[in-house]
Amino acid sequence: MIDVFLSALSNILTLQHMGYMMIGVIVGLMIGVFPGLGGIAGLSLMIPFLYGMDTTMALAMLIGLVAVIPTSDTFASVLMGIPGSSASQATVLDGFPMAKKGEAARALSAAFFASLVGGLIGAVVLTGFVLVARPVILAFSSAELFMLSVFGLSMVGVLAGKSLVKGVAACALGLIIGSVGGAPATGEFRMVFGVDYLYDGIPLIIIGLGLFAVPEIVDLLRRDRAISERATLGAGWFQGIRDVARNWWLTLRCSGIGALIGAIPGLGGTVVDWIAYGHAVQTVKNDPKFGQGDVRGVIAPESANNAKEGGGLLPTLLFGIPGGGAMAVFLGGMVLLGIQPGPSMVGSNLDLTYTIVWSLALANVLGAGLCIALAIPISKLTLIPFKLLAPFMIVVICFAAFQATRTLDDLIVLLATGVLGVYMRRFGWPRPALLIGFVLATQAETYLYQAVQFYGWEFLTRTGVMIIMGITAGSIWLGLRARVSEASPAEVLAVEARDTATGPAANIRARAPQIAFAALALAFFGVGIHDALQQSFLGQVFPLIMACAGAFFTALVLAFLVLGKPNHAVASDTEHEAQAEGVALRSTLGALAWVAALVALTAIAGFVIALVTFFVAFLKLRAQASWLMTLILTAGCTGFVLTLASALNMRFPGGVLQDLYRLPWPFS
Amino acid sequence: MTLKTPTRRGALGLLGAAAAALTLGAPAQAQVDFSGKTVEWIIPFGTGGGSDTWARFNAPFLSKHLPGNPTVVVVNEPGGGSTRGTNLFAQRARADGLTILGTSGSTQFPYLLGDPRVRYEYQDWSVVMVGPTGGVAYVSPSTGVESIDDVAKLQGQRLVYASQGATSLDLVPMLAFRLLGLDVNYVFGFGGRGDGRLAFERGETNIDYQTSSAFINNVTPLVEAGTAIPLMSWGVLDEDGNPQRDPTFPDLPILEEVYEMVHGEAPSGPMYEAYKAFNTAGFAAQKMVVLPAGASEELVETYRQAWRDVFADPDYQATFVAALGSYEQVTDRAAEALFAAGTNIDPDVRAMVVEMLAEEYNVRLGD
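Novice: Could you give an account of the overall build of chain B, naming the residues involved and the relevant values?
Specialist: Counting its regular elements, chain B contains 13 helices and 12 strands. Scaling as 2.2 N^0.38, a compact globule of 367 residues should have a C-alpha radius of gyration of about 21 Å, and chain B matches this with 21 Å. Along the first, second and third principal axes, the C-alpha set of chain B runs to 60 × 45 × 40 Å. Across chain B, the fraction of contacts at a sequence separation of at least 24, relative to all contacts at a separation of at least 6, is 78%.

Novice: An account of the overall build of chain A is needed here, citing residue identities and associated values.
Specialist: A tally of regular secondary structure across chain A gives 31 helices and two strands. Each principal axis of the C-alpha atoms in chain A carries an extent, and together these give about 80 × 70 × 55 Å. Across the 668 residues in chain A, those meeting the buried criterion constitute 60%. Sequence-distant contacts, at least 24 apart, represent 81% of the contacts inside chain A between residues at least 6 apart.

Novice: An account of helix H30 (residues 627-647) of chain A is needed here, citing residue identities and associated values.
Specialist: Residues and elements named next belong to chain A. With 21 residues, H30 extends 30 Å from end C-alpha to end C-alpha; this agrees with the ideal 30 Å at 1.5 Å per step. For H30, the full list of buried residues reads Leu633, Thr634 and Val641. Looking down the long axis of H30, one finds its buried residues gathered within 100 degrees of arc, a one-sided arrangement. Exposed side of H30, more than 90 degrees from the buried face: Leu628, Ala635, Gly636, Gly639, Thr643 and Ser646 are the residues found there. Check the buried side of H30 and you find it contacts helix H19 (386-401) and helix H29 (607-622). One or two positions beyond H30, positive phi appears at asparagine 649, with a value near 50 degrees.

Novice: Tell me about the domain arrangement of chain A, residues and numbers included.
Specialist: Residue and element names in this part refer to chain A. For chain A, the assigned domains read domain 1 (2-229 + 237-475), domain 2 (494-572) and domain 3 (588-660). For domain 1 and domain 3, the distance between their C-alpha centroids amounts to 29 Å. Elements that contribute at least two residues to the side of domain 1 that touches domain 3 include exactly helix H3 (39-50), helix H12 (204-223), H19 and helix H20 (408-426). It is H19 that contributes the most residues to the side of domain 1 that touches domain 3, eight residues altogether. A per-class count over the side of domain 1 that touches domain 3 returns 19 nonpolar, three polar and three charged.

Novice: Could you give an account of the domain arrangement of chain B, naming the residues involved and the relevant values?
Specialist: All names here are of chain B. The domains assigned to chain B are domain 1 (5-132 + 285-351) and domain 2 (135-280). A straight line from the C-alpha centre of domain 1 to that of domain 2 covers 28 Å. Each partner contributes to the interface: domain 1 provides 19 residues, whereas domain 2 provides 17 residues. For the side of domain 1 that touches domain 2, the elements supplying multiple residues, two or more each, are helix H4 (105-113), helix H12 (332-342) and helix H13 (347-361).

Novice: Quick one: what's the story with the pairing of strand E1 (residues 38-43) of chain B, residue by residue and with numbers?
Specialist: Residue and element names in this part refer to chain B. Alignment of E1 against strand E2 (residues 71-76), held across six bridges, turns out to be parallel. In the sheet register, isoleucine 43 faces E2, and the bridge partner there is asparagine 76. Crossover E1 to E2 through helix H2 (residues 50-65) is right-handed.

Novice: Go over the sheet that holds strand E9 (residues 229-233) of chain B, please, and point to the residues and values.
Specialist: All names here are of chain B. Strand order in this open sheet of three strands is E8-E5-E9, and the pairing throughout is antiparallel. A single partner strand is all that each edge strand has here, and the edge strands are strand E8 (207-211) and E9. Neighbour to neighbour, the strand axes of the sheet diverge by 30 degrees on average, direction disregarded. With four bridges joining them, strand E5 (residues 135-139) and E9 adopt antiparallel strand pairing. Paired with tyrosine 138 across the strands is proline 230, a residue of E9. In this fold helix H7 (residues 212-225) packs onto E5, E8 and E9, with an angle of close to 135 degrees to the strand it touches most, E8.

Novice: I'd like to hear about the interface of chain A and chain B, residue by residue, with values.
Specialist: Contacts between the two partners involve 43 residues from chain A and, on the opposite side, 40 residues from chain B. Of all the elements in the fold, those that place two or more residues in the side of chain A that touches chain B are H3, helix H17 (325-336) and helix H21 (431-455) of chain A. When residues in the side of chain A that touches chain B are grouped by element, the largest group, six residues, is from H17(A). Tallied by class, residues from the side of chain A that touches chain B come to 20 nonpolar, 18 polar and five charged.

Novice: Help me get a handle on the sheet that holds E2(B), residues and values and all.
Specialist: All names here are of chain B. One open sheet holds the five strands; their spatial order is E2-E1-E3-E12-E4, and the pairing between them is mixed. The outermost strands of the open sheet, each flanked by one partner alone, are E2 and strand E4 (126-131). In this sheet, neighbouring strand axes are inclined to one another by 25 degrees on average, regardless of whether the strands run parallel or antiparallel. As judged from the three bridges shared by E1 and strand E3 (residues 99-103), these two strands associate in the parallel manner. Bridge pairing links tryptophan 41 to isoleucine 100 in E3. This element, helix H10 (residues 297-312), spans E4 and strand E12 (287-291) of the sheet and lies at about 15 degrees to E4.

Novice: I'd like a rundown of the pairing of strand E7 (residues 183-187) of chain B, residues and numbers included.
Specialist: Residue and element names in this part refer to chain B. Taken together, the five bridges between strand E6 (residues 158-162) and E7 define a ladder with parallel strand orientation. Paired with arginine 158 across the bridge in E7 is aspartate 183. A crossover connection joins E6 to the parallel E7 through helix H5 (residues 171-179); in handedness this β-α-β unit is right-handed.

Novice: Residue-level account of the packing of H19(A) against H29(A), with values.
Specialist: Residues and elements named next belong to chain A. Where H19 meets H29, the axes come as close as 10 Å, and the angle between the chain directions of the two elements is 160 degrees. Here H19 is positioned roughly antiparallel relative to H29, judged by the angle of their axes. As H19 packs across H29, the resulting crossing turns out to be right-handed. Taken together, the residues of H29 that come into contact with H19 (itself represented by Lys387, Pro391 and Val395) are Leu611, Phe614, Phe615, Phe618, Leu619 and Arg622. Per-class residue counts for the contact of H19 with H29 are seven nonpolar, no polar and two charged.

Novice: Hey, could you go over the packing of H29(A) against H30(A) for me, with residue numbers and the actual values?
Specialist: Residues and elements named next belong to chain A. Remark: H29 packs on H30, axes separated minimally by 10 Å, with the N-to-C direction vectors making an angle of 150 degrees. On the basis of the axis angle, H29 is roughly antiparallel to H30. By crossing handedness, the relation of H29 to H30 is classed as right-handed. Of the residues in H30, those in contact with Leu611, Val612, Phe615, Val616, Leu619 and Lys620 of H29 are Met629, Thr630, Leu633, Thr634, Cys637, Thr638 and Val641.

Novice: How would you explain helix H6 (residues 193-201) of chain B if you had to name every residue and give the values?
Specialist: Within H6(B), nine of the nine residues are buried, which leaves the element mostly enclosed by the surrounding structure. Buried within H6(B) are the following residues: B:Arg193, B:Gly194, B:Asp195, B:Gly196, B:Arg197, B:Leu198, B:Ala199, B:Phe200 and B:Glu201. On the buried face of H6(B), the contacting elements are helix H8 (133-139) and helix H16 (296-319) of chain A together with E6, E8 and H7 of chain B. Downstream of H6(B) by a residue or two, B:Gly203 has a phi angle that is positive, lying close to 85 degrees.

Novice: If you had to explain the environment of A:His279 to someone new, which residues and values would you point to?
Specialist: Residues and elements named next belong to chain A. In this fold, histidine 279 is placed in helix H15 (residues 272-283). Residue classification places histidine 279 among the buried residues on the basis of 21 C-beta atoms within 10 Å. With 26 residues separating them along the chain, histidine 279 and arginine 253 place their C-alpha atoms 9.0 Å apart. The contact partners of histidine 279, leaving out residues within four places of it in the chain, are Arg253, Cys254, Ile257 and Ala300.

Novice: Let's hear about the environment of A:Asp196: which residues, and what values?
Specialist: Inspection of the secondary structure puts A:Asp196 in the loop between strand E2 (189-190) and H12. On a C-alpha basis, the gap between A:Asp196 and A:Phe330 in space is 30 Å, while along the polypeptide they are 134 residues apart. For A:Asp196, the residues in contact, after removing those within four places along its chain, are B:Gly80, B:Arg84 and B:Arg117.

Novice: Describe unusual backbone geometry, with residues and values.
Specialist: Residues and elements named next belong to chain A. Not every positive phi belongs to a glycine, and methionine 191 is a case in point at roughly 50 degrees. Positionally, methionine 191 belongs in the loop between E2 and H12. Residue class for methionine 191 comes out buried when judged on the 22 C-beta atoms lying within 10 Å of it. Located in the positive-phi region is phenylalanine 193, a residue other than glycine, with phi close to 50 degrees. Structurally, the position occupied by phenylalanine 193 is in the loop between E2 and H12. Residue classification places phenylalanine 193 among the exposed positions, given that 10 C-beta atoms sit within 10 Å.

Rules and cut-offs
- Residues numbered from 1 in each chain as written.
- Chains lettered and ligands numbered in written order.
- Predicted model: local features only at pLDDT ≥ 70, side-chain atom pairs only at ≥ 80, totals over all residues.
- Helix = DSSP H or I, 4+ residues; strand = E, 2+ residues; numbered from the N terminus.
- Rg over C-alpha atoms; globule rule 2.2 N^0.38 Å.
- Contact = placed C-beta atoms within 7 Å.
- Buried ≥ 20, exposed ≤ 12 C-beta atoms within 10 Å, placed from the backbone.
- Expected span 1.5 Å × (residues − 1).
- Arc of directions from axis to C-beta.
- Domains from an automatic or database assignment.
- Nonpolar A, V, L, I, M, F, W, Y, C, P; charged D, E, K, R; others polar.
- Pairing = 2+ DSSP bridges.
- Right-handed = clockwise from strand over helix to strand, strands pointing away.
- Axes fitted to C-alpha atoms, helices over the stretch in contact; angles between N-to-C directions.
- Parallel < 35°, antiparallel > 145°, perpendicular 65-115°, else oblique.
- Left-handed = near helix turned anticlockwise from the far one by under 90°.

What follows is the structure in structure tokens.
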């Protein structure tokens, strides 16, 4: 075994292999930087080159690509508050506040260094466990997976923010949105209202972009300054590396968590970052500032999401079951190379397995090194006046959103979740709680149903289930002690803007917008309950219980809002706080209208024409840039998008114009 | 969806006549030239899945053998269980040979079942290539079965099967088990056959099936270890549409044989008709390449010639078994026979299956 292991290393350390791996790393880096694009887009670029290639070289190239994506997607998360991929959503929570404080370079280098450590640990885990992992993976049945979903949901306790009641209500909102589409047990369609788009459920990437990116763009547009509050980048990349070194134990733990969760097929990579983030919040005792730019909130998810790839290769190689989206793509690439994953990967193909291990380790080093080198120049983006950056970001999130299904519906749903995100942010409804509910809705429902089918309710007494239950109980207990809040200290301490009168009438007067929002949420749960009642028993039981719970907690929120004392924990409205701070803000609707304008233009004239029109209009009318500047920026962005689209054989969503006339690419 | 028999027969007759004319005289040599053009191969599935891999494997060979060597790009249009991309093709594609569609069993099934999301009509299209595959059902030794001869022991037992959904390809084993009179409890919500196999390995289920390549790579070791007992394969169709043993698994009986072992007579009746239709649509004619409505004879012949050349290409022959398994892809008459068998169903049989799905598995196709 050792000799196979070492001969794989000597194989890979040739110039040719390293060269191909470097190609994979560089392509992965360029693709990964762009939000919404990941392993899938990368593979499409690589496929034509796989033919006739030597197997180990091709594997090195594919692994180089897959390994670097969770590293490079951090750029968007930290610098722009746009989740670069589903694996780095949690990074936004502290990474973006750091960028706002002018610590973008520090956040990035900490993230990349943590990614490096995580990636290496993932490779170590893969090496050590590949020969013995089969029984371990088989030990996780639907019962344990259900309990793990519950464990994931328990992170809501940590991420709920100021008010736990609101956190639970937001989580229920996510669970209901996540149950849109086919029911796992019966396949019947829930809450689709006859809309084709909803039959498949709402894509995660759109929820992530809508909840996190749109509200940040709107907020920055209203404040009308650069992302960074300071004109210099302050503490640089060396500081970030020191941060990781100082928190080595946290980095190791989160890498371990990432590798473990990645190795369990069925849970998916989408919760790894949240669980790692939650773990950091629960365990860090020394002066935690999570949610306001704590570097440990960046280190935790970033080390975990790279380690996840090494763990995720275990089920991919041993069982041919992809551990996540990127792994599905990798699997497709392997099949094209004529390698069929399965038990042979630890038998006659062990040399290939070890080639993969070594490639993974080396690619992580190369990728992290390149990213750290790029961190300083790229983080200067945060110093640019936002009104010049905004049209790019709006185009980028729309482009990323329609990677989901390549239809106009993607953009419409993005706008809708964006509006939801803006108001959740304003009224202090924790968005991570919604996202966790959304991600785990299908898994929790599916595994619960399967566990009951296979084992009956006795599944709760299985050893594995009891262990995870114990961990969950511990996590809830820890979570109640250490809750992270998106609210800044100023927001927490802010005195509600209101007259001195108390009582329900005065409350309603002072909190009318919040009450209206909560009432809307309540109405949504009502729709959920109504829809669930139309389904068969197995199709309705899960959404019905969740919608009832959500309605109950939202009703509690409403009750507190109407009856609660001034400065009650439930009451939160960032508008009041901004007024108190005396910051002049532009209108929310105005900012949202710009996003809506691009969507509407796309609906009329297709994406490319809409993009150009939108850019010119925004830069001239809103940013009041000169014609030269407008021209350069518009041409730059259009050229970039077109290059990317042609490299990836991508079609843009069309509008009315495209329905009426046949136009040549790229207008088609 | 055309279910009126005369129309279908008419369409088939036309296709048959066209094929006959081509094989007899090959009147017009292909004069289509795709130099400098790009052929978009629509795959109504996401990247990385079976259909995508299949198309990406074939695409460079197609490019090499089409006149003028156009660039062939795979365009993924996933959604709605493949109905979205296919609808898009039906609605938009022009019959200029620059847009082709690759379908799969999951595209055929909703069409055969009359899913309301289906707005495409197979009989409008011209088939130029069909890629078959196969599947093998197996059970756990915990059922007391040691070989197919013990199949009678399965009756009366409570079997458990991990399913992706009643309208997925799992409909084929479902119908097969029903024909054999097995009492199977279907647990739904599995993400793929791989997840189902994992449940089998964990001992949560005791009956399962895998497509051929997954069976060979992942179940054969279990068979060798004695933890899985192969039962039967889904078989293949010969050029006349008769079920035969799968050449990949010559020792395994097909359902028709097992049915005779169990019931003492050859299978017949609407349930068997349903099995045959869905088995063909799901396996023997799983992957199809079609040209849009209105494609000229010349264009169809150009594409068929390209596939003939692909199949004769030594590079193709050297690599396709490793990537796609040992099932020969076909064109011409064989493809047409499979196309016809895989995209037609008797309306009464269809109604029976839809009713069965609705009553026993709560599947509501019209919503």
